[in-house]
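Survey of secondary and tertiary structure
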Amino acid sequence: MTSEDKRRPVKINKLIHEPARLQIMTQLYVVEEADFLFLMRRTRLTWGNLSSHISKLEDAGYLEVTKEFLGKKPHTVLKISASGRKALEDYRKVINNIFEGAPG
Amino acid sequence: MNEEQDLKSIEQVSFRELMQDGFTELLMGLVLAAMPLFVLRPSLISIFVVFYIIFLPPFFEMIRKKYIYPRIGYVKMYEDEPPRVTLRLVAVLALLIVSVATIIYLVGTGTIEEDLVYRWIPAAFGLIMCAPSIYFKEKSGQNRYYLFGAAMTITGVVVGVTPVLDPNIVSPLYFIVWGLFFMILGLVKYSLFVRKFPIVDMPEDGRVDL
């Protein structure tokens, strides 16, 4: 990082920076796909809360949402998109840069 | 915090979620219990391929959809990339093929007794089972997966070095006992799983209003 870079304010992706959304993104980053119930259990978010965060991530193009039927019940399957994957990797780089060389 | 390690632990927890229904143990038990049939009658191997590899996994997936996913949700892990063809891999495979061909030749010419081969099949199989043992340990992060590879190898060696045991009986018995063990383990895990995780009644049917 150059001295010029250090003077610039850090640009953090606030959409991903929010803890619940970061949890959703990291969970979907390590698996190919998962459904709503699985994410609810892993993130310990309520249905409404999870739904709202997923909507925001989908609007940003970070998630791909597929609806199918399991028997007669609708079933929502979520997958991280290529841009979502890149956004999370960029976020990781930014956070790493912030703490790079920090003591402790 | 090492975030690579953290992502790895998230992945391992997801894998453990997938494994807790006991279906993998049940499938493994069914394969092991039927193994003596395929060793004694190699012509039955086509049944093995049709039934165990083609038919059984989709059947278990269908069962999972009905009984497992409504309890803990659905997750699909990334499929592992096939191993890169390296000189080491080629050398190992060549060594394996030469060893098997040599044993078949020596048995065919009567240089070594067929009984001796039967006697050591369990030990060889136990060693082979160390590979899935290590794989499951890596994927789940749980050291207990080392146990089944080690236990199958040790019992296989015990079968091999015990001269009083008739290899024609004890070798098939080795597979049947281990098969039954895994089937029982799978059923116990499934019954505990069903008790621990009731079906989640989601009034919204998991639908996301987007």
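Residues numbered from 1 in each chain as written. Chains lettered and ligands numbered in written order. Predicted model: local features only at pLDDT ≥ 70, side-chain atom pairs only at ≥ 80, totals over all residues. Heavy atoms only, no water.

A word on the sheet that holds strand β1 (residues 75-77) of chain B. Taken in spatial order, the 4 strands of this open sheet run β2(A)-β3(A)-β1(A)-β1(B), and their pairing is antiparallel. Here the strands that pair on one side only, and so sit at the sheet edges, are β2 (63-70) of chain A together with β1 of chain B. The mean angle between the axes of side-by-side strands here comes to 20°, regardless of whether they run parallel or antiparallel. Both β2(A) and strand β3 (residues 73-80) of chain A contribute to a ladder of 8 bridges, which runs antiparallel. Residue A:F69 lies in a different strand from β3(A), and its bridge partner there is A:P74. Helix α5 (residues 47-59) of chain A contacts β2 and β3 of chain A of the sheet and is inclined by roughly 125° relative to β2(A). (Pairing = 2+ DSSP bridges. Helix = DSSP H or I, 4+ residues; strand = E, 2+ residues; numbered from the N terminus. Axes fitted to C-alpha atoms, helices over the stretch in contact; angles between N-to-C directions. Contact = heavy atoms within 4.5 Å.)

What follows deals with a negative patch on the surface. On the surface, B:E113, B:E114, B:D115 and B:D166 cluster together into a patch of negative charge. Turning to its location among the elements, B:D115 is positioned in helix α5 (residues 114-140). (Patch = residues over 30% accessible without salt bridge, like charges linked within 9 Å, V, L, I, M, F, W, Y side chains within 5 Å. Areas by Shrake-Rupley, 256 points an atom, 1.4 Å probe, with all protein chains shown as cover. Salt bridge = Lys/Arg side-chain N within 4 Å of Asp/Glu carboxyl O. Lys, Arg positive; Asp, Glu negative; His and termini not counted. Charge placed at Lys NZ, Arg CZ, Asp CG, Glu CD.)

The subject of this paragraph is empty space enclosed by the protein. Residue and element names in this part refer to chain B. This model, assessed by the stated rule, comprises 1 cavity of 30 Å³ or more. Estimated volume of the largest cavity: approximately 80 Å³. Looking at the largest cavity, the residues that line it are P36, V39, L40, Y118, I121, P167, N168, S171, P172 and F175. Broken down by secondary-structure element, the contributors of at least two residues to the lining of the largest cavity are α2 (23-40), α5 and α7 (167-196). (1 Å grid on protein atoms, 1.4 Å probe; cavity = no way out; pocket = protein on both sides within 12 Å on 5 of 7 lines; lining within 4 Å. Points joined across faces, edges and corners; volume = space filled by probe spheres on them.)

With that out of the way, let us pick up the packing of α2(B) against α5(B). All names here are of chain B. Contact pair α2 / α5: the axes reach a minimum separation of 13 Å and the direction vectors enclose 155°. As judged from the angle between their axes, α2 and α5 are roughly antiparallel. Of the two possible hands of crossing, α2 and α5 adopt the one that is right-handed. Contacts between α2 and α5 involve T24, M28, L32, M35, V39 and L40 from the first element and Y118, I121, F125, M129 and F136 from the second. (Parallel < 35°, antiparallel > 145°, perpendicular 65-115°, else oblique. Left-handed = near helix turned anticlockwise from the far one by under 90°.)

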